[in-house]
Amino acid sequence: MVRKKDRFWSYVEDLDGRFKCNFCQHNFAGGASRIKYHLAGVKGNDVDICTSVPEDVQKEAYLAVGGTNKKLKSASSSSNAKESKTTLCSISKDMCHATNSEMCDKKDKNAVDKLLAKLFIVNNISFDVVQTTSFTRFVQGVAEYGPDYKLPSYLTFQRKLIPDLKVEVEEYIRNVKKSWLVSGCTLMSNIWSDVEHRAFINIIAYSPSGVIFLKSLEVSIDKITTLYIKDIISSVIEEIGSDNVVQLITDNTTNFEFAGDMLISKYPWLYKTQCATYGIRLLLKEIFKEIDWVQKIIIDAKSIVSYMYKDSIILSLMREYTNHKELKHPCKRRISSNFLMLRSILRVQDELQLLVVSSKWKKLNHNEKDIAKVASIIQSAEFWSQVKEVLLVLEPLVQVLRLVDNDLSTAGYLYEAMEMAKETIKQQYDSNQDKYMQIWKLFSCRYTENIMHPIHAAATFLNPAYLCSEKFIDSREMKDGISFILENLVAIEEREDFMKEVQLYRNKVPSLFTITAKTMLKTSHPRIWWDFCGDRLPILQKYAIRILSQPCSSTLSKGYWNASELAQTKKTNMLTSEMLDNMVNVRLNSMMMEKFNTVESRNLEPIDLYKPYELPEYVDHEQFLVDDAFSRVVEKGIDD
């Protein structure tokens, strides 16, 4: 499906997953959102600001990312000399600096940065906080308020601010729960533990309208049994209403697996799936570790990256030849970083080959053995051929990871995406069975055991855009998926009408696929299509909306909370049990509310599998070493 491009694409060159700015000529990963922040000059959004953008384009982009006309008018009304300073402070450094030129003149940025660093270190605040939307909005708010801003007192926090925020959060929760009447929800659960063997079972509910934190229980690790987990989740299901729950995605541990099976026996109209993100990551990890020729290429690529960033002289020389294009660092915490590393190296192949034959490279006063090794790898035609081959095999799997590792309703897309990956790997296998036999076996195993469920094939069949596409194949898996829905989810009295409506939908009857319906295939998420266009098939419509509204992964449940943070909350705030429960509830649901406010519009749109979302930027190994130095606890999934 082709979406209408954002108008800001006209200011850049589309490089298929990246863009090159027409003004500064630099290129970056990302899409329309990053283009706007780049042109608006707003820092703190994982993209450098443009230093050559015309003022009218900058203002247009600034307004598009939520800036105010008031600030723009203030910038434009000053003198020419002050205008550049004001624009620099109020727009280019909007999220991080004061909003008027006088404050910028008086303040020493380095001194303010040191105060911020000291605040984070002394109070054991994660460095990632500086990248959160809530932090940048707070800094922006203080800058706009001016030097007269006074911090609220402890009592103001306790008696007014937190209660006010709680009211806002409760309204968010009510609205999300109301949406469950149509879409249902997915329950996700996981366990976090710390070095003191305190464990917390967390349960959240996902729906297209938002994620809600439901419960967090502190338990002793040795008391966590299958029956115990089953009883906890069952109590939550009863509390929110069993009719509102569609899917269970549990932690990847034996106890949770068995507990899920027991819950399905108790609530047979639910279905339990594996976390697709976990399955894809496991598959990538096995390919990197168990396929010798892939492992060799990864090791050689790491040698190149490690040497180029060995010291400032080599790095400066590399940047001179690559026109400041950076190489991606491998990262243990993000398996996909090996793919990104290889891709970043391939993009500067010619530049690196020119570098290692240059006179400047030969004059480097470094270990001759190391220089010769890196140069030999870069000059090897076999190395570059193998890099391209590894990327060819990995790219469709990484695209599936991009698809499912987010906060969107992706159930209607996973099967098609995995079939695309299967076809790519099978083509390579057919061309060289000896070389690709092990990869094919690993893929087939994880496909069945850790990623796919019959419901995913059925969900793809219920995606009308796929049904109407040239790529549609009426597969055995889809028929099995519809049979699964009929036998396990559909009420007995609805089964005959359900199958009649399935046939009408499969035959694409004109009364269903009207001009409006065909237009919405390109503009709307499949669950929205069914809600708007499926009234003629009411039984199928009801189940289609609920199935297509669900995610394929539980990774979003692990990004909000862990045992170390709860222990730190108890310690630093010295809260009563009731106050702690309120704090935890308000905090987690505030985070979820904020995050879903940013992805709400994306959850209304169809997903183009040929233009997958960019993977979240990962932090390189050096920063992880810094972060780990300040960590007092570690997270550990039981039996993970």
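If you look the chain up in an unreviewed UniProt entry, it shows as BED-type domain-containing protein from Lithocarpus litseifolius. Here the chain is described in UniProt, under the heading Subcellular location (unreviewed entry), as follows: "Nucleus".

Draft legend 1. Region of the structure containing the side chain of R446. In this fold, R446 is placed in helix 20 (residues 433-451). Owing to a relative accessible area of 15%, R446 belongs among the buried residues under this scheme. Separated by 2.6 Å, the side chains of R446 and N450 make a polar contact. R446 has contacts with L282, L283, E286 and I451, leaving out every residue within four places of it along the chain.

Draft legend 2. Layout of the sheet that holds strand 1 (residues 12-14). In space, the 3 strands of this open sheet follow the order 1-2-3, with antiparallel pairing throughout. Bordering the open sheet on either side are strand 1 and strand 3 (27-29), each of which pairs with just one other strand. Taken pair by pair, the neighbouring strands of this sheet meet at an average axis angle of 30 degrees, ignoring direction. Of the strands in this sheet, strand 1, strand 2 (18-21) and strand 3 are in contact with helix 1 (residues 32-40), which crosses strand 2 at around 25 degrees.

Draft legend 3. Looking closely at the pairing of strand 4 (residues 185-193). Across the 9 residues that make up strand 4, a large majority, 9, are buried. Residues C185, L187, S189, I191 and S193 point to one face of strand 4 and T186, M188, N190 and W192 to the other, with burial holding for every one of them. Pairing between strand 4 and strand 7 (residues 245-249): 4 bridges, direction parallel. Among the inter-strand pairings, C185 is bridged to a residue of strand 7, identified as V245. Bridge count for strand 4 against strand 5 (residues 198-207) is 8 bridges, and the pairing is antiparallel.

Draft legend 4. Structural context of the pattern of salt bridges. This model, assessed by the stated rule, comprises 19 salt bridges. Of the charged contacts in the structure, one is a salt bridge between E320 and K360, with a shortest N-O distance of 2.6 Å. Of this pair, E320 sits in helix 13 (residues 312-322) while K360 sits in helix 16 (residues 359-362), and the two are 40 residues apart along the sequence. You can call E320 partly exposed: its relative accessible area is 46%. Overlapping salt bridges bring together E257, D261 and K272 as one network.

Draft legend 5. Spatial organisation of the sheet that holds strand 5. The strand order across the open sheet formed by 5 strands is 6-5-4-7-8, and the pairing between neighbours is mixed. The open sheet has two free edges, formed respectively by strand 6 (210-220) and strand 8 (271-273), since each of these has just one partner strand. Geometrically, the sheet is characterised by an average inter-axis angle of 25 degrees between neighbouring strands, direction not taken into account. Judged from the 10 bridges that link them, strand 5 and strand 6 form a sheet pairing that is antiparallel. Considered in strand 6, the bridge of F200 is made with E218. Sheet contacts for helix 9 (residues 226-240): strand 4, strand 5, strand 6 and strand 7; angle to strand 6, the most-contacted strand, approximately 145 degrees.

Draft legend 6. How the structure looks around the environment of K325. In this fold, K325 is placed in the loop between helix 13 and helix 14 (337-346). Taking the relative accessible area as the measure of exposure, K325 reaches 31% and is therefore partly exposed. As a C-alpha pair, K325 and I345 span 20 residues in sequence and 9.7 Å in three-dimensional space. If we skip the residues at most four places from it in the chain, K325 touches N27, M318, V348 and E351.

Draft legend 7. Structural context of the nonpolar core. Counting 111 residues, the largest nonpolar core has M308, W361, L462, I485, F498, Y505 and W530 as the members making the most contacts within it. Ranked by residue count, the leading element in this core is helix 18 (residues 381-404), at 13 residues. Dropping the residues within four chain positions of it, W361 is found in contact with Y307, M308, L317, L355, V356, I371, V374 and A375. One finds V169, V176, L187 and M592 within the second-largest nonpolar core, a separate group that totals 41 residues.

Draft legend 8. Highlighting helix 20. Approximately 25 degrees is the largest bend angle found in helix 20, and it occurs at I439. For helix 20, the complete set of buried residues consists of Y436, I439, W440, L442, F443, R446, Y447, N450 and I451. Packing partners of the buried residues in helix 20 comprise helix 11 (276-290), helix 12 (292-308), helix 18, helix 19 (414-431) and helix 21 (454-461).

Draft legend 9. Here's a closer look at helix 17 (residues 368-378). Looking at helix 17, one finds that the buried residues are I371, V374, A375, I377 and I378. Angularly, the buried residues of helix 17 cover 160 degrees about the axis, an arc narrow enough to put them on a single face. Exposed residues pointing more than 90 degrees away from the buried face of helix 17 are listed as E368 and K369. Turning to helix 17, the residues buried within the fold contact helix 12, helix 15 (349-355), helix 16 and helix 18.

Draft legend 10. The arrangement of the side chain of S590 in detail. Mapped onto the elements of the fold, S590 is located in helix 29 (residues 577-599). In contact with S590, not counting residues within four places along its chain, are L165 and V169.

Draft legend 11. Layout of the packing of helix 11 against helix 12. One way to put it is that helix 11 packs onto helix 12 with a least axis distance of 5 Å and a crossing angle of 85 degrees. When the interaxial angle is binned, helix 11 and helix 12 end up roughly perpendicular. Contact residues: I287, F288, K289 and E290 in helix 11; D292, V294, Q295 and I298 in helix 12. Considering only residue class, the contact of helix 11 with helix 12 consists of 4 nonpolar, 1 polar and 3 charged.

Each value, and the rule that gives it
Residues numbered from 1 in each chain as written. Predicted model: local features only at pLDDT ≥ 70, side-chain atom pairs only at ≥ 80, totals over all residues. Heavy atoms only, no water. UniProt positions renumbered as here; feature names shortened; annotations may be inferred. Helix = DSSP H or I, 4+ residues; strand = E, 2+ residues; numbered from the N terminus. Buried < 20%, exposed > 50% of the residue type's maximum accessible area, 1.4 Å probe, protein only. Polar contact = N/O pair within 3.5 Å; in protein donor to acceptor, adjacent residues only side chain to side chain. Contact = heavy atoms within 4.5 Å. Pairing = 2+ DSSP bridges. Axes fitted to C-alpha atoms, helices over the stretch in contact; angles between N-to-C directions. Salt bridge = Lys/Arg side-chain N within 4 Å of Asp/Glu carboxyl O. Core = buried A, V, L, I, M, F, W, Y, C linked by side-chain atoms within 4.5 Å. Bend = angle between axes of the 7 residues up to and from the residue. Arc of directions from axis to C-beta. Parallel < 35°, antiparallel > 145°, perpendicular 65-115°, else oblique. Nonpolar A, V, L, I, M, F, W, Y, C, P; charged D, E, K, R; others polar.

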